[in-house]
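# Structure assessment
So the chains spell out like this:
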Amino acid sequence: EPEVTQTPSHQVTQMGQEVILRCVPISNHLYFYWYRQILGQKVEFLVSFYNNEISEKSEIFDDQFSVERPDGSNFTLKIRSTKLEDSAMYFCASTQEVGSYNEQFFGPGTRLTVL
Amino acid sequence: GENVEQHPSTLSVQEGDSAVIKCTYSDSASNYFPWYKQELGKRPQLIIDIRSNVGEKKDQRIAVTLNKTAKHFSLHITETQPEDSAVYFCAASRERGNQFYFGTGTSLTVIP
């Protein structure tokens, strides 16, 4: 069964550094999402992406964040200048284009630790 | 926007007993309600979902009910087993492509 994949599984970075988290959504999916989960808390929406542009974003997704689909398979989340509070698990998800409902399939996550 | 509340935050049951987790939502336009199981350090895994055109759905030991009028939906796990121990999240969303609004999670412990 196809799955969403993410790399790296764990990223450690110094405060102020840029990080890029990578995701490969399921191949016939066209809606893509990033969520984050701070340890012990609920999953929070960051951004959704469709047709090469952002379709929704939350208040968490400020100017330090950006997303890109650089080629036909990857979907990336960039944090320009990381802060301590960016430490979290980041999940990518995707939804297929056809169908009336919003099934989202999640990747295994990237644990980001900002020191 | 949508607000999803989930109760209880923790739940302990004896193996073989049933577990019920409840969620409420605020946006009457929400039409899709998935439940995810998350084991420690792992991705959320979809275990069951329900769409607004049905009131109940069952898959082996797991069932979900939806009351659109009252805007609440519940997860029922029967004959619980130790491997059911995990954090369970409910979510709500509108049309395809929209974000999920997650509940705060329920940590379920099944005691052997």
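These figures come from a predicted structure and were not determined experimentally.

## Overview of the environment of Pro-34 of chain B
You can see Pro-34 of chain B is positioned in strand β4 (residues 32–38). C-alpha separation for the pair Pro-34 of chain B and Tyr-101 of chain B, spaced 67 residues apart in sequence, amounts to 10 Å.

## Some points on the interface of chain B and chain A
Each partner contributes residues to the interface: chain B has 25 residues there, and chain A has 27 residues. Carbon and sulfur atoms supply 51% of the area that chain B and chain A bury against each other, a total of about 2200 Å² over both sides. In this structure, the connection of chain B to chain A is made through two salt bridges. With a closest N to O distance of 3.6 Å, Glu-3 of chain A and Arg-43 of chain B form a salt bridge. Connecting chain B to chain A are ten residue pairs in polar contact (both at pLDDT 80 or more). Looking at the side of chain B that touches chain A, the elements with two or more residues in it are β4, β5 (45–51) and β10 (101–102) of chain B. With three residues, the top contributor of residues to the side of chain B that touches chain A is β4 of chain B. Considering only residue class, the side of chain B that touches chain A consists of seven nonpolar, eleven polar and seven charged.

## Let's talk about the side chain of Asp-84 of chain B
Residue and element names in this part refer to chain B. The topology assignment puts Asp-84 in the loop between β8 (72–77) and β9 (86–92). Of the polar contacts made by the side chain of Asp-84, one reaches the side chain of Arg-61; its length is 2.9 Å. Every residue in contact with Asp-84, bar those within four places of it in the chain, is listed here: Lys-37, Arg-61, Ile-77, Glu-79, Leu-108 and Val-110.

Conventions we followed
- Residues numbered from 1 in each chain as written.
- Chains lettered and ligands numbered in written order.
- Predicted model: local features only at pLDDT ≥ 70, side-chain atom pairs only at ≥ 80, totals over all residues.
- Heavy atoms only, no water.
- Helix = DSSP H or I, 4+ residues; strand = E, 2+ residues; numbered from the N terminus.
- Contact = heavy atoms within 4.5 Å.
- Buried area = accessible area lost by both parts, 1.4 Å probe.
- Salt bridge = Lys/Arg side-chain N within 4 Å of Asp/Glu carboxyl O.
- Polar contact = N/O pair within 3.5 Å; in protein donor to acceptor, adjacent residues only side chain to side chain.
- Nonpolar A, V, L, I, M, F, W, Y, C, P; charged D, E, K, R; others polar.

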